[in-house]
Amino acid sequence: MRGLVVSLSALGLAAACDAPESADNFTEEPTRGAPVTDPNTFRADVDLERPYAGEWAAATNQCSDQKKVWTIEARRMAILPAMRFCAFDNIYVSEGNNGARTIWSASAKCLADGSESHDFLFFRVKDNLKEMKVTFNDTSSVELVRCPVVNRS
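Everything in this summary refers to the structure shown in the same document. A quick note: this is a predicted structure, and the numbers were derived from the prediction, not measured. (Residues numbered from 1 in each chain as written. Predicted model: local features only at pLDDT ≥ 70, side-chain atom pairs only at ≥ 80, totals over all residues. Heavy atoms only, no water.)

1. Regarding the overall build of the chain
- A tally of helices and strands in the chain yields two helices and eight strands.
- Along the chain direction, N to C, the helices and strands of the chain fall in the order α-α-β-β-β-β-β-β-β-β.
- By the burial criterion, 29% of the 153 residues in the chain qualify as buried.
- Contacts in the chain between residues far apart in sequence, at least 24 positions, make up 45% of those at least 6 positions apart.
- As presented, the chain carries roughly 9400 Å² of accessible surface, and 50% of it is formed by carbon and sulfur atoms. (Helix = DSSP H or I, 4+ residues; strand = E, 2+ residues; numbered from the N terminus. Buried < 20%, exposed > 50% of the residue type's maximum accessible area, 1.4 Å probe, protein only. Contact = heavy atoms within 4.5 Å. Areas by Shrake-Rupley, 256 points an atom, 1.4 Å probe, with all protein chains shown as cover.)

Next up, the structure:
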């Protein structure tokens, strides 16, 4: 019975993390390791209210490998390298004072390795909107770079 409950919870959380199907959301993957020199490639689809949202990877050349991409939306995220899926309960904004960076944080219900957990995440987006540090529950931070969005013509 416990296995059934965990399986149903896993399915529910995984379903919440499915990307919406829409022709407007289709993006083409960038060429492996290709440098992106147009800064507007990164800023075009960045929501300044939630700049943590987007596709992220440990390095730009990993953006073309979907197994290494972190997909973070306004209220949920999927970390494929760790097979971790999270749905955010609440999102908090800590406005930076005197030049300090704004920090977004979220309490989240996550699923990894068949186990549910309640986590707290911190998103520290750099001013260039291309780099971010993510911290789970005050553990070591993971540094990520924003994957460029390349629209199909």
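Having seen the model, we can carry on.
2. What to know about the packing of aromatic side chains
- Applying the stated criterion to the full structure yields five aromatic pairs.
- For the pair Phe120 and Phe122, a centre-to-centre distance of 5.3 Å together with 65 degrees between the ring planes defines the contact as edge-to-face.
- A relative accessible area of 28% means that Phe120 is categorised as partly exposed.
- An aromatic cluster is present here, built from Tyr52, Phe88, Trp104 and Phe123 joined pairwise through their rings.
- Note that Arg84 overlies the ring of Phe136, its terminal NZ or CZ placed 4.1 Å from the centroid. (Phe/Tyr/Trp six-rings, centres within 6.5 Å; stacked < 30°, edge-to-face > 60°. Lys NZ or Arg CZ within 6 Å of the ring centre and 35° of its normal.)

3. Concerning the pairing of strand β3 (residues 76–79)
- Residues Arg76 and Ala78 of β3 are buried on one face, and the alternating residues Met77 and Ile79, pointing to the opposite face, are buried as well.
- Relative to β3, strand β2 (residues 70–72) runs antiparallel, the two being bridged by three bridges. Residue pairing in the sheet places Ile72 in a bridge with Met77 of β3.
- Across four bridges, β3 lies against strand β4 (residues 84–94) in antiparallel orientation. The residue bridging Ile79 from the neighbouring strand is Arg84, located in β4.
- Once β3 ends, the chain turns through four residues before running back antiparallel as β4, passing Met83 with a positive phi of about 50 degrees. (Pairing = 2+ DSSP bridges.)

4. Some points on the sheet that holds strand β5 (residues 103–112)
- Around the barrel, which closes on itself, the eight strands sit in the order β1-β2-β3-β4-β5-β6-β7-β8 with antiparallel pairing between neighbours. Neighbour-to-neighbour, the strand axes of this sheet turn through a mean angle of 30 degrees, independent of strand direction.
- As paired elements, strand β1 (residues 54–57) and strand β8 (residues 142–146) share two bridges and run antiparallel to each other. Residue pairing across strands places Ala57 opposite Val145, the latter belonging to β8. (Axes fitted to C-alpha atoms, helices over the stretch in contact; angles between N-to-C directions.)

5. Some details on unusual backbone geometry
- Positive phi, close to 55 degrees, is recorded for Asp113, a residue that is not glycine.
- Examined against the element boundaries, Asp113 turns out to sit in the loop between β5 and β6 (115–125).
- The phi dihedral of Leu129 falls on the positive side, at around 60 degrees, and the residue is not glycine.
- Among the secondary structure elements, Leu129 is positioned in the loop between β6 and β7 (131–136).
- Classification of Leu129 by relative accessible area gives buried; the value is 10%.

6. Here we look at the state of the cysteines
- Tallied over the full model, the rule gives two disulfides.
- A disulfide bridge connects Cys63 with Cys147, and the sulfur atoms are separated by 2.1 Å. Sign of the S-S torsion, about -85 degrees for the bond between Cys63 and Cys147, identifies this disulfide as left-handed. Within this pair, whereas Cys63 is found in the loop between β1 and β2, its partner Cys147 is found in the segment after β8, the two being separated by 84 residues in sequence.
- Residue pairing for Cys86: its cysteine sulfur links by disulfide to Cys110, the two sulfurs lying 2.1 Å apart. Between Cys86 and Cys110 the disulfide shows an S-S torsion of about 110 degrees. By sign, it is right-handed. Linking Cys86 in strand β4 with Cys110 in strand β5, this pair joins segments that are 24 residues apart in sequence. You'll find Cys86 and Cys110 in the same group, each marked buried.
- Bonded cysteines in the chain are paired 1-4, 2-3 when counted in the order they occur along the chain. (Disulfide = S-S within 2.5 Å.)

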